[in-house]
Amino acid sequence: MGKSCTRMPAPSTFKQEKVNHKEETVSKACSYCGNASHQILNCSSFKSLDIGARWKAMRQKNLCRLCLVPHKKWPCRSKKECGMDGCRIRHHMLLHSSPPYRSESVGSPKSVKTVHHNHHHTKSFSLFRYLPVTLYGNGNHVETYAFLDDGSSSTLLEEALVAKLGIEGEPDNLWLGWTGKIGRQEKNSRRISVKICGTRKKESFELGNVRTVRELGLPSQTLDYIEI
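The rules behind the values
- Position numbers for residues count from 1 along each chain, tracking the sequence in the order it is written.
- Local features are withheld for residues below a pLDDT of 70 in this predicted model, meaning they are given only at 70 or higher, and side-chain atom pairs are given and counted only at 80 or more; totals for whole chains, interfaces and linings count all residues.
- Hydrogens and water are ignored here; the side-chain numbers use all heavy atoms of the structure.
- Helix and strand definitions here come from DSSP, where helices need a minimum of 4 consecutive H or I residues and strands a minimum of 2 consecutive E residues; each element is numbered from the N-terminal end.
- Any two residues having at least one pair of non-hydrogen atoms within 4.5 Å are treated as being in contact.
- The method behind every accessible area is Shrake-Rupley, applied with a 1.4 Å probe, and residues are considered shielded solely by the protein chains displayed.
- Each reported salt bridge corresponds to a side-chain nitrogen of Lys or Arg within 4 Å of a carboxyl oxygen of Asp or Glu.
- The buried label goes to any residue with under 20% of its type's maximum accessible area, the exposed label to any with over 50%, and the partly exposed label to all in between, with areas taken from a 1.4 Å probe on protein chains only.
- Residues forming no salt bridge and having over 30% relative accessible area are the ones grouped into patches, like charges within 9 Å of each other and nonpolar side chains (Val, Leu, Ile, Met, Phe, Trp, Tyr) within 5 Å.
- For two strands to be treated as a pair, DSSP must find at least two bridges joining them.
- The nonpolar core is taken to be a set of buried Ala, Val, Leu, Ile, Met, Phe, Trp, Tyr and Cys residues, with the residues joined through side-chain atoms within 4.5 Å.
- Polar contacts here mean pairs of N or O atoms no more than 3.5 Å apart (in protein, one a potential hydrogen donor and the other a potential acceptor; neighbouring residues in sequence count only if both atoms are side-chain atoms).

Student: Account for the overall build of the protein, naming residues and giving values.
Tutor: Across its full length, the protein holds three helices and 10 strands. Across the protein, helices and strands are ordered from the amino to the carboxyl terminus as β-α-α-β-β-β-β-α-β-β-β-β-β. Put simply, of all contacts in the protein between residues at least 6 apart along the chain, 61% involve residues at least 24 apart. Accessible area of the protein: about 14,300 Å², with a carbon and sulfur share of 50%.

Written as structure tokens, this is what we have:
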């Protein structure tokens, strides 16, 4: 994964669908403790576990991460997204790792735009949402990765990518603010517009009011398919 990257706020809308397994023959007892009086959604034993322990129990009992039902080799028909804290990842809401409290305001110099971001880390498995994309501007294009950040209120683009595209923009000071009153000022930030499309996709979209930054310093990650 290359160093240069763009970060975009994650979409805030999501679709909820009812889980329906018509072809499976599944016990009505709780898939975690086996108690016939309730299902896993209402299982106090399962809900008392921390997120990491829930994921571990899910794997040990061969439960589907979408519906927490042991339907073995049947592909889960659920298209439901988590929905917790706006999460759009396809896993059950009981497997969601909630972000910590995010401050609503961060002190910053006057006449400087403040952008809020939220990053969190837990001991449980985390999967950052990186997408391969192509950016277009001024007759040029560059392939990179977009990082969908639920805690970001603005679209940020590294200056190195802007230079490759040959785009000029309006200078506008920017203040980046995080929790705990941590922040930094981007005195040379510019406002630009670029077009973006998924890698090997034909349809492109216009991104306006993109802000440039020196460097994002995004976390790298590796993916073990077996683990998920």
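Let's pick the thread back up.
Student: How would you explain the pattern of salt bridges if you had to name every residue and give the values?
Tutor: Summed over the entire model, instances satisfying the criterion amount to five salt bridges. Between R191 and D172 there is a salt bridge whose closest N-O contact spans 2.7 Å. You can see R191 sitting in strand 9 (residues 190–198) and its partner D172 sitting in the loop between strand 6 (170–171) and strand 7 (174–177), a full 19 residues away along the chain. Taking the relative accessible area as the measure of exposure, R191 reaches 26% and is therefore partly exposed. With a shortest N-O distance of 3.9 Å, R211 and D172 are connected by a salt bridge. A residue pair is termed long-range when its members are at least 10 positions apart, and R211 in strand 10 (residues 205–213) and D172 in the loop between strand 6 and strand 7 qualify at 39 residues.

Student: Give me the lowdown on a nonpolar patch on the surface, citing residues and values where you can.
Tutor: Among the surface-exposed residues, L41, M84 and M93 lie close enough to one another that they form a single nonpolar patch of about 220 Å² accessible area. Under the relative-accessibility criterion, M93 is labelled partly exposed at 34%.

Student: Go over unusual backbone geometry with me, naming the residues and quoting the values.
Tutor: Positive phi values are uncommon outside glycine, yet N62 reaches one of about 55°. Its place among the elements puts N62 in the loop between helix 2 (51–60) and strand 2 (113–116). The phi dihedral of L68 is positive, around 55°, even though this residue is not glycine. Here L68 shows up in the loop between helix 2 and strand 2. L68 gets classed as buried once you look at its relative accessible area, which sits at 1%.

Student: Tell me what's going on with the pairing of strand 9, and back it up with residues and numbers.
Tutor: Relative to strand 9, strand 3 (residues 130–137) runs antiparallel, the two sharing four bridges. Looking at the pairing, V133 lines up with G198 of strand 9. Taking the residues that link successive antiparallel strands as the turn, the strand 9-strand 10 hairpin has six residues, and the phi of R200 there is positive, at about 65°.

Student: Lay out the nonpolar core in plain terms, naming residues and giving numbers.
Tutor: In this structure, L135, L157, L165, I167, I192, V194 and V210 are the most contacted members of the largest nonpolar core, which totals 14 residues. Within the residue set of this core, elements represented by two or more residues are strand 3, strand 4 (140–149), helix 3 (159–165), strand 9 and strand 10. The residues touching L135, leaving out its near neighbours within four places in the chain, are N140, H141, V142, T144, L157, L161, L165, V194, K195 and I196. I40, C43, L68 and L95 belong to the second-largest nonpolar core, a separate cluster that totals 12 residues.

Student: Let's hear about the pairing of strand 3: which residues, and what values?
Tutor: Where strand 3 and strand 4 come together, eight bridges link them in antiparallel fashion. Each residue of the ladder has a partner; that of Y136, found in strand 4, is H141. As consecutive antiparallel partners, strand 3 and strand 4 are separated by two residues, and within that stretch N138 has a phi angle of approximately 55°, a positive value.

Student: Account for the side chain of H92, with residues named and values stated.
Tutor: Secondary-structure assignment places H92 in the loop between helix 2 and strand 2. On the basis of relative accessible area, H92 is assigned to the buried category, the value being 13%. At 3.0 Å, the side chain of H92 forms a polar contact with the backbone nitrogen of L94. Excluding residues within four positions of it along the chain, H92 makes contact with L41, R65, L66, C67 and L68.

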